[in-house]
Amino acid sequence: MSTENKDVVVDMLNRSSKRRKKMMLSVDELVPSPENRNYPMMDLDELAASLRMNGQEQPLIVTPREDGRYDILSGERRYRAALINIELGYDQFEELECIINDNELSPLERRIKVRIANVHRDNIPIKNKLLITRECLNDYEEAKAAGMIPSGTLKRDWISQQTGFSPRSVQDYMNILASATKEKIKEKKKEEPDPFLTAVQENIMTKLQTKVTVKPKKLTISYTDTEDLNRILELLNLIEE
């Protein structure tokens, strides 16, 4: 990630976090954020070992919940690594240093903060990067409508600042998503039956009491044996007296 993007990220993290305080919280009070679902929790054993060796070097950033617990905005990997250490008998990790952000956050603001907290991640699989970009595209429209995006900001640049992906990579991901959407629309159109042909098929089946398939420019009538064929031909007035 470029130095310019890092400065933007730091500014966005600090700008809406004026009411913050540090304190130790029990791991039982902490709740992983659902917004982290697109960020895989990788290398946890290595991180757990680092915590045992160096201690907790960075606090988690959390926000209060209505039930008295705290949602994790930043630091879920450290939280999960601490749980591993607790399982191994290192009780000192039952409490973690946290920065409590008391600002009331909307769902959009929560998603933005979680993404910004993950911009340093370099090991995100391409599939997850596409999911993150798709989520950002939806959030861009919501943020723009709320006046949260400066005039003239390009969509790919806003997503780049949010995710740490380069603008060129973001454009590539957007192109892939747009192409996939077009293919899905084409497939859906192919799968959707013509309601008129469906009605015709049902009417013929009811009249002939046999399996009938009606497709564009094709009509198929099934029969079981010669007797059944004669019955159908008679119903269609195709047998001469």
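K.L.:
Help me understand a negative patch on the surface, please; the structure alone is not making it clear to me.
P.N.:
Together, Asp28, Asp91, Glu94 and Glu95 make up a region of like negative charge exposed at the surface. The residue Asp28 is located in the loop between β1 (20–26) and β2 (30–31) in this model.

K.L.:
How should helix α9 (residues 226–235) be read in this particular structure?
P.N.:
Spacing of three or four residues puts side chains on the same side of an α-helix, whose turn is 3.6 residues. With a side-chain oxygen lying 3.3 Å from the backbone nitrogen of Glu227, the N-terminal cap of α9 falls on Asp225. Looking at the residues trailing α9, positive phi occurs at Asn237, about 60°.

K.L.:
Can you walk me through the environment of Pro216 in this structure?
P.N.:
Here Pro216 shows up in the loop between β6 (212–215) and β7 (218–221). As for Pro216 and Asp194, which are separated by 22 residues in sequence, their C-alpha atoms are 8.6 Å apart.

K.L.:
What is the right way to read the pattern of salt bridges from this model?
P.N.:
Opposite charge on two side chains makes pairing possible when the charged atoms of those side chains draw close. The final tally for this structure, using the stated rule, is 13 salt bridges. Between Glu97 and Lys22 there is a salt bridge, and its shortest N-O distance comes to 3.9 Å. Of the two residues, Glu97 is situated in strand β5 (residues 95–101) and Lys22 in strand β1; the sequence distance between them amounts to 75 residues. According to the relative accessible area criterion, Lys22 is exposed, its value standing at 56%. As a salt-bridge pair, Arg111 and Glu142 come within 3.4 Å of each other at their nearest N and O atoms. Of this pair, Arg111 sits in helix α4 (residues 107–117) while Glu142 sits in helix α5 (residues 126–145); the two residues are 31 residues apart in sequence, bridging distant segments of the chain. Accessibility expressed as a relative area gives 16% for Arg111, which makes it buried. The exposure class assigned to Glu142 is partly exposed, which follows from its relative accessible area of 41%. Each of Arg37, Arg111, Arg115, Glu135, Asp139 and Glu142 takes part in one network of salt bridges that share partners.

K.L.:
Help me understand the packing of aromatic side chains in this model?
P.N.:
Where two aromatic rings form a pair, the distance of their centres and the angle of their planes describe that pair. Evaluated as defined, the whole model comprises two aromatic pairs. With a centroid separation of 5.6 Å and 70° between ring planes, the pair formed by Tyr140 and Trp158 is classed as edge-to-face. One end of the pair, Tyr140, is in helix α5; the other, Trp158, is in helix α6 (residues 155–163), and 18 residues separate them in sequence. Among the residues examined, Tyr140 registers a relative accessible area of 6% and is labelled buried.

K.L.:
Could you clarify how one ought to interpret the side chain of Arg115 in this entry?
P.N.:
In this fold, Arg115 is placed in helix α4. Separated by 2.8 Å, the side chains of Arg115 and Gln162 make a polar contact. Contacts of Arg115, omitting those with residues within four sequence positions, involve Tyr39, Ile132, Glu135, Cys136, Asp139, Trp158, Gln162 and Thr163.

K.L.:
In this structure, what is going on with a nonpolar patch on the surface? I would like to understand it.
P.N.:
On the surface, Leu219, Ile221, Leu235, Leu236 and Leu238 cluster together to form a nonpolar patch covering roughly 410 Å² of accessible area. Mapped onto the secondary structure, Leu235 falls in helix α9. On the basis of relative accessibility, which here comes to 35%, the residue Leu235 falls in the partly exposed class.

What counts as what
Residues numbered from 1 in each chain as written. Predicted model: local features only at pLDDT ≥ 70, side-chain atom pairs only at ≥ 80, totals over all residues. Heavy atoms only, no water. Patch = residues over 30% accessible without salt bridge, like charges linked within 9 Å, V, L, I, M, F, W, Y side chains within 5 Å. Areas by Shrake-Rupley, 256 points an atom, 1.4 Å probe, with all protein chains shown as cover. Salt bridge = Lys/Arg side-chain N within 4 Å of Asp/Glu carboxyl O. Lys, Arg positive; Asp, Glu negative; His and termini not counted. Charge placed at Lys NZ, Arg CZ, Asp CG, Glu CD. Helix = DSSP H or I, 4+ residues; strand = E, 2+ residues; numbered from the N terminus. Polar contact = N/O pair within 3.5 Å; in protein donor to acceptor, adjacent residues only side chain to side chain. Buried < 20%, exposed > 50% of the residue type's maximum accessible area, 1.4 Å probe, protein only. Phe/Tyr/Trp six-rings, centres within 6.5 Å; stacked < 30°, edge-to-face > 60°. Contact = heavy atoms within 4.5 Å.

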